[in-house]
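What the coordinates show
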Amino acid sequence: MTPYEILVEAVKEHPDRSFRDLWRDFRIWESTRGYFDDPSASSKQTLEWVRKLDELVGQLDEFEGAAKENCLNALEAAFVAFARLDHSDELCGAIQRWREWRLAEKVARG
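The structure presented is a predicted model; accordingly, all values stated were derived computationally and were not measured.

A short note on the packing of aromatic side chains
Tallied over the entire structure, the rule returns seven aromatic pairs. Between Tyr 4 and Phe 19 the ring centres are 5.8 Å apart and the planes differ by 25°, which places this aromatic pair in the stacked class. With a gap of 15 residues between them, Tyr 4 in helix 1 (residues 3–13) and Phe 19 in helix 2 (residues 19–32) connect regions that are remote in the sequence. With a centroid separation of 5.8 Å and an interplanar angle of 65°, the aromatic rings of Phe 26 and Trp 98 are classed as edge-to-face. Placement of the pair is Phe 26 in helix 2 and Trp 98 in helix 5 (residues 89–109), with a sequence separation of 72 residues. In this structure, Phe 26 and Trp 98 share a single accessibility class: buried. Over the ring of Trp 29 we find Arg 33; its NZ or CZ atom is 4.1 Å from the centre of that ring. In this arrangement the basic side chain of Arg 84 is found over the ring face of Tyr 4, its NZ or CZ atom lying 4.0 Å from the centre.

Rules used in this analysis
- Residues numbered from 1 in each chain as written.
- Predicted model: local features only at pLDDT ≥ 70, side-chain atom pairs only at ≥ 80, totals over all residues.
- Heavy atoms only, no water.
- Phe/Tyr/Trp six-rings, centres within 6.5 Å; stacked < 30°, edge-to-face > 60°.
- Helix = DSSP H or I, 4+ residues; strand = E, 2+ residues; numbered from the N terminus.
- Buried < 20%, exposed > 50% of the residue type's maximum accessible area, 1.4 Å probe, protein only.
- Lys NZ or Arg CZ within 6 Å of the ring centre and 35° of its normal.

In structure tokens:
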């Protein structure tokens, strides 16, 4: 499965979560695990891109005005589009393992 397909399924299960939220969750999970599943430089760069984009969303908190929502929507669209890019096999495998881990956690919580 591609990151996009995996994240679409995760969003369906958690409609209160956005692609941004899920990319961030995956990035933190991988970072916490020391990039165990995807140790290559390209995969780390991919997740660094997610971190930087997430920072941009946070920086919008400093602004006010009618266009702020448009900016947030555009950044969310960037997270969705980013998921549709071709990613390395190891990153795709890692995000699949993250998804399986989330499902197992959900079952464990009941």
